[in-house]
Amino acid sequence: MEKHDLIIIGGSAAATAAGIYAARRNLNFKIVSKDFGGEVATSGEVDNYPGIPDTDGLQLAEKFKKHLADYGVEPETGVEVEKIIKQEDESFCIAAKTGKETANWSEKMAGNGNDAPKCDYIAKTVIIATGVHPRELNVTGEKELRNKGVSYCSVCDLPLFKDKIVATIGGGNSALESGIMGADIASKVYVINKNPAFKGDQVLIDNLLSKKNVEVIYKAKAAEILGDGFVSGLKYNNESGETKELKVDGIFIHIGMVPNSKVVSDEVEKNQFGEIVVSKNCETNIPGLFAAGDVTDVPFKQIVIAAGQGCCALLQAVNYLNRLKQ
């Protein structure tokens, strides 16, 4: 099997930046990911990425993809990496599956009768840029009504609720963006915030509060999602402990993100939130294994920071590769 200089796992800002710099360094590499765009593609208004004002997540993700294409790089999507193992020769064995791979998966992961899976890719270095996924409420009705009125992507699904009543749950920028978008589509938007105030950008807070069809309910905690086959309501507990009920047609949950860090073994250092711990040069505690973007313990989760980390991880990977040649 061909041994690559580098495998980049991910399909958003950090992976894009790493891929562009890898192409400029003429590395033998691949970008592999379940999909392309990640959480960037699900973002609403994006007006803080330098040089690209007044855009949205979908448009920005398309620009990322085009920039890679300009360098002849086509990310390999539909690939879900399951295991990364450092081998005796210091290279990395990467086992992955696609949507077509089902019955033979457990056999493949068993390898040759030991703990080592069969490798789909072998690389001298790896950059983990797998990002995050939405945090769930873990309330009754949430799992049962997911994609039946319960959504974690306002950009994807809010347009389906034209002139309907919806609720957005959360108190940060994603919830604010959801509420603003909903105000232009739905007839009524409730924004449920468990805190006494929002924690997002002031420009977004001001915009949301200016919407006449938006009602913000502070110090409220979602308790149950109602519906028989489709969402019909939301129960929440207010600051007095009383249970209230809202009639809604859709519920959009934006309460934070969980890092997609299960792709790496327990040998890789993570913090209490499951984020991969990295140095200022995006190195993990495993030589040759780097991480960048929202999956790391970088304190600020921003597209521009993820892109910068992708660049940093790639440059440090190049330094590592150069040392291997010495």
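Bear in mind that the values here come from a model prediction, so they are computed numbers and not experimental data. (Residues numbered from 1 in each chain as written. Predicted model: local features only at pLDDT ≥ 70, side-chain atom pairs only at ≥ 80, totals over all residues. Heavy atoms only, no water.)

Draft legend 1. Representation of the sheet that holds strand S12 (residues 188–193) in the model. Here we have 5 strands laid out as an open sheet, ordered S10-S17-S11-S12-S13, and parallel in their pairing. In this open sheet, the two edge strands, each paired with only one partner strand, are strand S10 (150–151) and strand S13 (214–218). As paired strands, S12 and S13 are joined by 5 bridges and run parallel to one another. Bridging across to S13, Val 191 finds its partner in Val 216. (Pairing = 2+ DSSP bridges. Helix = DSSP H or I, 4+ residues; strand = E, 2+ residues; numbered from the N terminus.)

Draft legend 2. Geometry of the sheet that holds strand S15 (residues 231–237). Strand order in the open sheet formed by 3 strands is S14-S15-S16, and the pairing between neighbours is antiparallel. Whereas interior strands pair on both sides, the edge strands pair on one side only; in this sheet they are strand S14 (221–227) and strand S16 (243–247). Pairwise comparison of adjacent strand axes, ignoring direction, gives a mean angle of 25° for this sheet. (Axes fitted to C-alpha atoms, helices over the stretch in contact; angles between N-to-C directions.)

Draft legend 3. Quick look at unusual backbone geometry. Its identity is not glycine, yet Asp 54 carries a phi of approximately 55°, on the positive side. Following the sequence through the fold, Asp 54 ends up in the loop between strand S3 (45–46) and strand S4 (55–56). Positive phi outside glycine occurs at Asp 163, with the angle close to 65°. Relative to the elements of secondary structure, Asp 163 occurs in the loop between helix H5 (154–157) and strand S11 (165–169). According to the relative accessible area criterion, Asp 163 is exposed, its value standing at 56%. (Buried < 20%, exposed > 50% of the residue type's maximum accessible area, 1.4 Å probe, protein only.)

Draft legend 4. Structural detail: the state of the cysteines. For the coordinates displayed, the defined rule picks out 2 disulfides. Put simply, Cys 93 and Cys 119 are joined by a disulfide, and their sulfur atoms are 2.1 Å apart. On the S-S bond that ties Cys 93 to Cys 119, the torsion sits near -115°, and the link is left-handed. Here Cys 119 lies in the loop between helix H4 (105–110) and strand S8 (121–128) and Cys 93 lies in strand S7 (residues 92–97), a separation of 26 residues in the sequence. Through a disulfide, Cys 153 is tied to Cys 156; the S-S separation comes to 2.0 Å. Judged by the torsion about the S-S bond (70°), the Cys 153/Cys 156 disulfide is right-handed. In the protein, numbering the disulfide-bonded cysteines from first to last in sequence yields the connectivity 1-2, 3-4. You can see Cys 282 has no disulfide; the closest cysteine sulfur is in Cys 312, sitting 3.8 Å from it. By relative accessible area, which is 1% here, Cys 282 ends up buried. (Disulfide = S-S within 2.5 Å.)

Draft legend 5. The side chain of Gln 316, seen in detail. Secondary-structure assignment places Gln 316 in helix H8 (residues 303–325). Setting aside anything within four residues of it in sequence, one finds Gln 316 in contact with Asn 281, Glu 283 and Phe 290. (Contact = heavy atoms within 4.5 Å.)

Draft legend 6. Structural detail: the packing of aromatic side chains. As enumerated under the stated definition, the model contains 4 aromatic pairs in all. With centroids separated by 6.0 Å and ring planes inclined at 65°, the aromatic side chains of Tyr 49 and Phe 64 adopt a geometry described as edge-to-face. With Tyr 49 in the loop between S3 and S4 and Phe 64 in helix H3 (residues 57–70), this residue pair connects regions lying 15 residues apart in the sequence. Each of the two residues, Tyr 49 as well as Phe 64, counts as buried. For the pair Phe 161 and Phe 252, a centre-to-centre distance of 5.5 Å together with 85° between the ring planes defines the contact as edge-to-face. In this pair, Phe 161 sits in the loop between H5 and S11 while Phe 252 sits in strand S17 (residues 250–253), placing the two residues 91 residues apart along the sequence. A residue is classified by how much of its surface remains accessible, and Phe 161, at 8% relative accessible area, is buried. A relative accessible area of 0% places Phe 252 in the buried class. (Phe/Tyr/Trp six-rings, centres within 6.5 Å; stacked < 30°, edge-to-face > 60°.)

Draft legend 7. Structural detail: the packing of helix H1 (residues 13–24) against H8. With their axes 7 Å apart at the nearest point, H1 and H8 run at an angle of 40° to one another. Considering how the two elements wind past one another, H1 and H8 form a crossing that is right-handed. Taken together, the residues of H8 that come into contact with H1 (itself represented by Ala 13, Ala 14, Ala 17, Ala 18, Tyr 21 and Ala 22) are Ile 303, Ala 306, Ala 307, Gly 310, Cys 311, Leu 314 and Leu 315. (Left-handed = near helix turned anticlockwise from the far one by under 90°.)

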